[in-house]
Amino acid sequence: MLQTKLPKVGTTIFTVMSQMAAEHKAVNLGQGFPDFAVPQRLVDELDRAMRDGHNQYAPMTGVPALRQAIAAKALACYGAQVDTDAEITVTSGATEAIFNAIHAVVRPGEEVVVLDPAYDCYEPAIDLAGAKAVHVPMDPRTFAVDWSRVQAAITPKTRMLMVNSPHNPSGAMFGEADLRALADILRGTDIFLLSDEVYEHIVFDGRRHESALRYPELRERAFVVSSFGKTYHCTGWKIGYAIAPPALSAEFRKVHQYNVFCSFAPAQHAFAAMIRDEPEHYEQLGAFYQAKRDHFREQLLATKLKPLPVPGGYFQLVDYSAVSDLPDLEFVKWLTVEHGVTAIPLSPFYENPPAGQRLARLCFAKNPATLDAAIERLKKL
Ligand code: PMP
Ligand code: GLN
């Protein structure tokens, strides 16, 4: 008889809500993806790469020009010296990188500390490794991390700690003090760090992204993961990467090699050219999204939804308690069916959702017309 290895896994909330949005012709602010165009230069470069014949297997670790561009960006953005050959691996999205990192170093019976609300792909990868996710909740309102609770969750079995800043779903960002607290906890242990930084360039109000790459003490035990899907408005291309010290990268690559071997070659050439020739794109991404955030928040004031602060990322959390007392999953379904706007509930991001939390996530990586259409509907709540 088939006995599932992943009894807790069903269809992801992102798929469920996108399907529901399509069925009910709702404005889909649920699943996080932009509804505007990829930069023209990137499309041209992809076209060129395919026409130039870059259509066969890429090197297992990634196209050299792309790894060089990633190394140059890590130096420019975070002052990190990264070895192009030994420390960077290009992957099929951040999702693959996260899976590889966990499987590279976490053994059956070990523990991985995750901070709730946590992105949905973390725990299934931990489960498949035969390990156990140990969930530490963030503050249910501010999404700050109580590092003393993280410290208390560490046991002799802890092999990895996973963090995500800017954070999905809340948009919360680590400050320098968070990284220092993290370093204090990890110092003198054998615990690896997985730093999920896919929203690294979507930061607002002059805040600095505290990449683990800035902190040598963290970097020496870290897999730093990012994704071009977020930075270049192309979530469907699924290209990301992991930066890790040589010994960690070597283990990571053993998994990558037999998981996918290599990722879509033409896009790697396109990103290499794009990063090298137009750094303005990622340098200005924060300002680009900040304008969207500000406009959307201002419009939300005309509704009964209360927007929470958004330091980074492209999600707006709203408190809907003035509209409904439904639990969040029921609320977002009701909102889709009855009001034609789709959001994502927070409870699927938790092991134990905080009692009475009445928050939903709206994605503002959308054209003005999409956001305006959503607001018109939300005003009627
Ligand atoms: N981590 C976080 C926090 C994310 O939000 C996402 C995607 N939205 C990913 C990882 C996965 O990225 P990718 O689509 O490149 O696999
Ligand atoms: N990361 C996206 C989000 O948070 C969803 C990705 C997916 O659908 N798997 O909305």
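For the structure, check the block above.
Structural notes, computed from the coordinates.

### Observations regarding the overall build of the protein
The number of helices and strands found in the protein is 15 helices and 13 strands. Considering only C-alpha atoms, the protein reaches an extent of 55 × 50 × 50 Å along its principal axes. Looking at the 381 residues of the protein, the share that counts as buried comes to 57%. A separation threshold of at least 6 residues defines the contact pool for the protein, and within that pool the share at least 24 residues apart is 76%.

### So, the packing of helix α2 (residues 40-51) against helix α11 (residues 265-277)
Relative orientation of the contacting elements α2 and α11 amounts to 135 degrees, with a least axis distance of 8 Å. Accordingly, the angle class assigned to the pair α2 and α11 is oblique. Handedness of the crossing formed by α2 with α11: right-handed. Every residue of α11 that contacts α2 at Arg 41, Leu 42, Glu 45, Leu 46, Ala 49 and Met 50 is listed here: Pro 266, Ala 267, His 269, Ala 270, Phe 271, Ala 273, Met 274 and Asp 277.

### Some words on the environment of Arg 253
Mapped onto the elements, Arg 253 comes out in helix α10 (residues 246-259). The buried category is assigned to Arg 253, whose relative accessible area is 12%. Once the C-alpha coordinates of Arg 253 and Pro 169 are considered, the two residues, 84 residues apart in sequence, prove to be 29 Å apart. In this structure, Arg 253 is in contact with Met 60, Thr 61, Asp 85, Ala 86, Glu 87, Ile 88 and Thr 89, ignoring residues within four places of it in sequence. Among the polar contacts listed, one links the side chain of Arg 253 to the backbone oxygen of Ile 88, at a separation of 2.7 Å.

### A closer look at the packing of aromatic side chains
Tallied over the entire structure, the rule returns 22 aromatic pairs. Centroid distance Phe 36 to Tyr 289: 6.3 Å. Interplanar angle 50 degrees. Geometry classified as tilted. Taken as a pair, Phe 36 in the loop between β1 (27-28) and α2 and Tyr 289 in helix α13 (residues 285-300) lie far apart in primary sequence, 253 residues in all. Here Phe 36 matches Tyr 289 in class, with each residue buried. Aromatic ring contacts, followed pair by pair, group Phe 36, Tyr 199, Phe 288, Tyr 289, Tyr 314 and Phe 315 into a single cluster. The ring of Tyr 282 carries the charged tip of Lys 73 above its face, separated from the ring centre by 5.4 Å. Cation over ring: Lys 366 sits above Phe 33, and NZ or CZ is 3.8 Å from the ring centre.

### Details of the site of ligand 2
Close contacts around ligand 2 come from Phe 14, Gln 31, Gly 32, Tyr 119, Asn 168, Lys 230, Phe 315 and Arg 361, and that covers them all. Here an oxygen atom of ligand 2 sits 2.9 Å away from a polar atom, N or O, in the side chain of Asn 168. The side chain of Arg 361 places a nitrogen or oxygen atom 2.6 Å from an oxygen atom of ligand 2. Looking at the shell around ligand 2, its residues break down into three nonpolar, three polar and two charged.

### Digging into the environment of Ser 195
Within the secondary structure layout, Ser 195 lies in strand β6 (residues 192-196). Distance in space between the C-alpha atoms of Ser 195 and Ser 226 is 8.8 Å, their sequence separation being 31 residues. Excluding anything up to four places from it in sequence, Ser 195 contacts Val 163, Ala 212, Phe 223, Val 224 and Val 225. There is a polar contact of 2.6 Å between the side chain of Ser 195 and the side chain of Glu 197.

### Concerning the sheet that holds strand β2 (residues 88-91)
The mixed open sheet is built from seven strands, whose spatial order is β2-β8-β7-β6-β5-β3-β4. Lying at the two open borders of the sheet, with one neighbouring strand each, are β2 and β4 (132-137). Shown here is a sheet whose adjacent strand axes are inclined to one another by a mean of 20 degrees, direction ignored. In this sheet, strand β8 (residues 240-243) lies alongside β2 in antiparallel orientation, the contact comprising four bridges. Bridged to Ile 88 within β8 is Ile 243. Sheet strands in contact with helix α4 (residues 93-105) are β2, β5 (158-164), β6, β7 (222-227) and β8, and its direction is about 165 degrees off that of β7.

Scoring rules and cut-offs
Numbering of residues starts from 1 in each chain and follows the order in which that chain's sequence is written. Chain labels run from A onward and ligand labels from 1 onward, assigned in the order the entries are written. Where totals are concerned, whole chains, interfaces and linings use all residues; where local detail is concerned, this predicted model gives features only for residues with pLDDT of at least 70, and gives and counts side-chain atom pairs only at 80 or more. Derived side-chain values reflect all non-hydrogen atoms in the structure, with water molecules and hydrogen atoms excluded from consideration. Each helix corresponds to a stretch of at least 4 residues labelled H or I by DSSP, and each strand to a stretch of at least 2 residues labelled E; elements are numbered beginning at the N terminus. Each residue is placed in one exposure class: buried if its accessible area under a 1.4 Å probe, protein chains only, is under 20% of its type's maximum, exposed if it is over 50%, and partly exposed if it falls in between. Contacts between residues were defined by any pair of non-hydrogen atoms, one from each residue, lying within 4.5 Å. To get an axis, fit a line to the C-alpha atoms, keeping to the stretch in contact for a helix; angles then go from 0 to 180 degrees between the N-to-C directions. In these notes the angle categories are as follows: under 35 degrees is roughly parallel, over 145 is roughly antiparallel, 65 to 115 is roughly perpendicular, and the rest is oblique. In this scheme the crossing of two helices becomes right-handed for a clockwise turn of the near helix relative to the far one and left-handed for an anticlockwise turn of less than a right angle. N or O atoms closer than or at 3.5 Å make up a polar contact, with two conditions inside protein: a donor-capable atom paired with an acceptor-capable one, and, for residues adjacent in sequence, both atoms drawn from side chains. Geometry of aromatic contacts follows a simple scheme: Phe, Tyr and Trp rings, the Trp one being its six-membered ring, pair when their centres are within 6.5 Å, and the pair is stacked under 30 degrees between planes, edge-to-face over 60, tilted otherwise. Put simply, a charge is over a ring when the Lys NZ or the Arg CZ is close to the ring centre, within 6 Å, and near the line of the ring normal, within 35 degrees. Residues are classed as near a molecule or strand on a simple rule: at least one heavy atom within 4 Å of it. We call Asp, Glu, Lys and Arg charged. Ala, Val, Leu, Ile, Met, Phe, Trp, Tyr, Cys and Pro are nonpolar, and the rest, Gly among them, are polar. We treat two strands as partners when DSSP finds at least two bridges between them.

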